[in-house]
Structure formats: C-alpha cells, structure tokens
Amino acid sequence: MADKYSWSILVYLVSSLLCCHAAMNTNMSRSDNGGFKNDSLLENDPELNYVPSGPLVMCSFLPMEFIECEDLVDLKGNKTRDDTMTGGCSKYGGSYRYEDVEKTTVQCMVLPGIECHGNRKFNKKGFPCVKYGGYYFLTTLLYSILLGFLGMDRFCLGQTGTAVGKLLTLGGGGVWWILDVILLVTNQLLPEDGSNWNIYV
C-alpha cells in the first residue's frame, strides 16, 4: 500500500515539473506585445548566439584593417538633412583635437577571407568626418615662409581669391605674409575644402 502511494506521489511530482517547464518555455517565447517570437529570428540573431569565449569576434568589433566602409557623403553644411542616413558629414576636419571633429555613422563590410561572427555588413558609429586631399603641412609652411609674399601658400590651399589679393599687395606689405605663417603654425589656416593634412610616409 505504501509503495502504491509513493509511486503516485512520484508521478504527480514529475508531471508537475513537466507542466512548469512547459509554461516557462511558453512565457520565454512570448514577445512584449503578447505574441510569439519568431524562432528563426532568434536563431539568426548574432547577439543571442554569440559566445564571447569562442574563437570568433563580432564582425562589428573588427579593426579598420579588416573592414571596408562606404565613402563619406558631403552634406555641404546642410545639418537639417535626414539624420538617419549613413555617411553624412556637414563639416569635414577641424582642429587637432579628436573631440572637435564631427562624427557620423557609415555602413561597413568585412573583407573577403576574414572570419567573424554575425552580419558581415553593419553600421559603424562614431566614424570621424575626415578626408585627405593631398595637402601637406610642411610643404605649405615652406611655401608660406619662402614664397608667402606671392600668395603661394594660399594658392596651395585652394584659396584662390585671397591668394590673388596677397600676390597683388606683395603679402600686404609683409604683414599678411607674417600673419599667414602664424595662422599656419597655430592651425588656423586650413585647406579650403576642409581636408586634413596628409601624413608623410
């Protein structure tokens, strides 16, 4: 008789555990609005399936050497343009401080042959709005010191209008010549198109 009751209790406990397990799985598979989540979406979500201790890193964590990003789009100062677009810059360059340079979001793709976890095409935030147009600081500074009275430094930077004025006045009688050298050294005289200085390699 005792064996019969103990078997009944055991069966009852097992069935209760199975019911509770099924109820928990049902609640976990529900979305916030009460519907059921798409199982295929869960399987394809790289964030949910990612194992930090695994051999692969997230594709979005790869350094710039392993990804290729789209070209930046010049908004030409139009800050009211749709903020949801990627790669849009209303201003390029700036001072030497990284904090002062405008940032944007660009779409990047992992290079072929690189293994990583997740989507190989992703949006990268905090991309600096910097471009290079073939301007070298040391070359421009030498032009400014040696041939600044002829406006060669401003011609070199693409500032044709002020360069002609500097040429006709022979560097403003020497004052404009010296002033431009100081502006160059203090990073106040920059290329007309907003490009940053190229690095000598």
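Residues numbered from 1 in each chain as written. Predicted model: local features only at pLDDT ≥ 70, side-chain atom pairs only at ≥ 80, totals over all residues. Heavy atoms only, no water.

Draft legend 1. Summary view of the UniProt feature "transmembrane region" (unreviewed entry) in the protein chain. UniProt tags residues 133-152 and 164-185 as "transmembrane region" (unreviewed entry). The span residues 133-152 is 60% helix and 0% strand, and its two end C-alpha atoms sit 17 Å from each other. Secondary structure within residues 164-185 divides into 91% helix and 0% strand; the distance between the first and last C-alpha atoms comes to 22 Å. (UniProt positions renumbered as here; feature names shortened; annotations may be inferred. Helix = DSSP H or I, 4+ residues; strand = E, 2+ residues; numbered from the N terminus.)

Draft legend 2. Region of the structure containing the packing of aromatic side chains. If you walk through the whole model with that rule in mind, you get two aromatic pairs. Both rings, one in phenylalanine 149 and one in tryptophan 177, keep their centres 5.2 Å apart while their planes meet at 55 degrees; by these two values the pair is tilted. Here tryptophan 177 lies in helix H8 (residues 175-185) and phenylalanine 149 lies in the loop between helix H4 (137-147) and helix H5 (152-156), a separation of 28 residues in the sequence. For tryptophan 177, a relative accessible area of 28% puts it in the partly exposed group. (Phe/Tyr/Trp six-rings, centres within 6.5 Å; stacked < 30°, edge-to-face > 60°. Buried < 20%, exposed > 50% of the residue type's maximum accessible area, 1.4 Å probe, protein only.)

Draft legend 3. The state of the cysteines, seen in detail. If you walk through the whole model with that rule in mind, you get three disulfides. Two residues, cysteine 69 and cysteine 108, share a disulfide whose sulfurs are 1.9 Å apart. Measuring the twist about the S-S bond at about 95 degrees, one finds the cysteine 69-cysteine 108 disulfide to be right-handed. Residue cysteine 69 is located in strand S1 (residues 67-69), and its partner cysteine 108 is located in strand S4 (residues 103-110); the two are separated by 39 residues in the primary sequence. One disulfide bridge connects cysteine 89 with cysteine 129, the sulfur atoms lying 2.1 Å from each other. Residues cysteine 89 and cysteine 129 are joined by a disulfide whose S-S torsion is about -80 degrees; by sign, that bridge is left-handed. Placement of the pair is cysteine 89 in strand S3 (residues 88-89) and cysteine 129 in the loop between strand S5 (121-128) and H4, with a sequence separation of 40 residues. (Disulfide = S-S within 2.5 Å.)

Draft legend 4. Expanded view of the confidence of the model for the protein chain. Overall, the predicted model of the protein chain reaches an average pLDDT of 77, with 68% of residues at or above 70. Within the protein chain, H8 carries the highest mean pLDDT (94), whereas helix H2 (residues 39-44) carries the lowest (47). (pLDDT = per-residue confidence, 0-100.)

Draft legend 5. Broad picture of the sheet that holds S4. In space, the three strands of this open sheet follow the order S1-S4-S5, with antiparallel pairing throughout. Edge positions in the open sheet fall to S1 and S5, since each of these has one partner strand only. Sheet twist, expressed as the mean angle between neighbouring strand axes with direction ignored, is 40 degrees. (Pairing = 2+ DSSP bridges. Axes fitted to C-alpha atoms, helices over the stretch in contact; angles between N-to-C directions.)

Draft legend 6. Up close: the environment of lysine 103. Note that lysine 103 resides in strand S4. Considered as a pair, lysine 103 and phenylalanine 127 are 24 residues apart in the sequence and their alpha carbons are 5.2 Å apart. If sequence neighbours within four positions are ignored, lysine 103 has contacts with Tyr98, Gly126, Phe127, Pro128 and Cys129. A polar contact is formed between the side chain of lysine 103 and the backbone oxygen of valine 101, at a distance of 2.8 Å. (Contact = heavy atoms within 4.5 Å. Polar contact = N/O pair within 3.5 Å; in protein donor to acceptor, adjacent residues only side chain to side chain.)

Draft legend 7. Seen up close, the packing of helix H6 (residues 160-168) against H8. In the contact formed by H6 and H8, the axes pass within 10 Å of each other and the chain directions differ by 140 degrees. It follows that H6 is oblique to H8 by the angle criterion. The residues of H8 that touch H6, namely those facing Thr162, Gly165 and Lys166, are Trp176, Trp177 and Asp180. Classifying every residue of the contact of H6 with H8 by side-chain character gives two nonpolar, two polar and two charged. (Parallel < 35°, antiparallel > 145°, perpendicular 65-115°, else oblique. Nonpolar A, V, L, I, M, F, W, Y, C, P; charged D, E, K, R; others polar.)

Draft legend 8. Layout of unusual backbone geometry. One non-glycine residue with positive phi stands out, namely leucine 170, at about 50 degrees. The residue asparagine 187 is not glycine, and still its phi comes out positive at about 65 degrees. As for its position among the elements, asparagine 187 is in the segment after H8. With relative accessibility at 10%, the residue asparagine 187 sits in the buried group.

Draft legend 9. Broad picture of the pairing of S4. Side-chain alternation along S4 places Thr104, Val106, Cys108 and Val110 on a buried face and Lys103, Thr105, Gln107 and Met109 on a face that remains uncovered. Summarising the sheet, S4 and S5 pair through six bridges and their orientation is antiparallel. The residue bridging cysteine 108 from the neighbouring strand is phenylalanine 122, located in S5.

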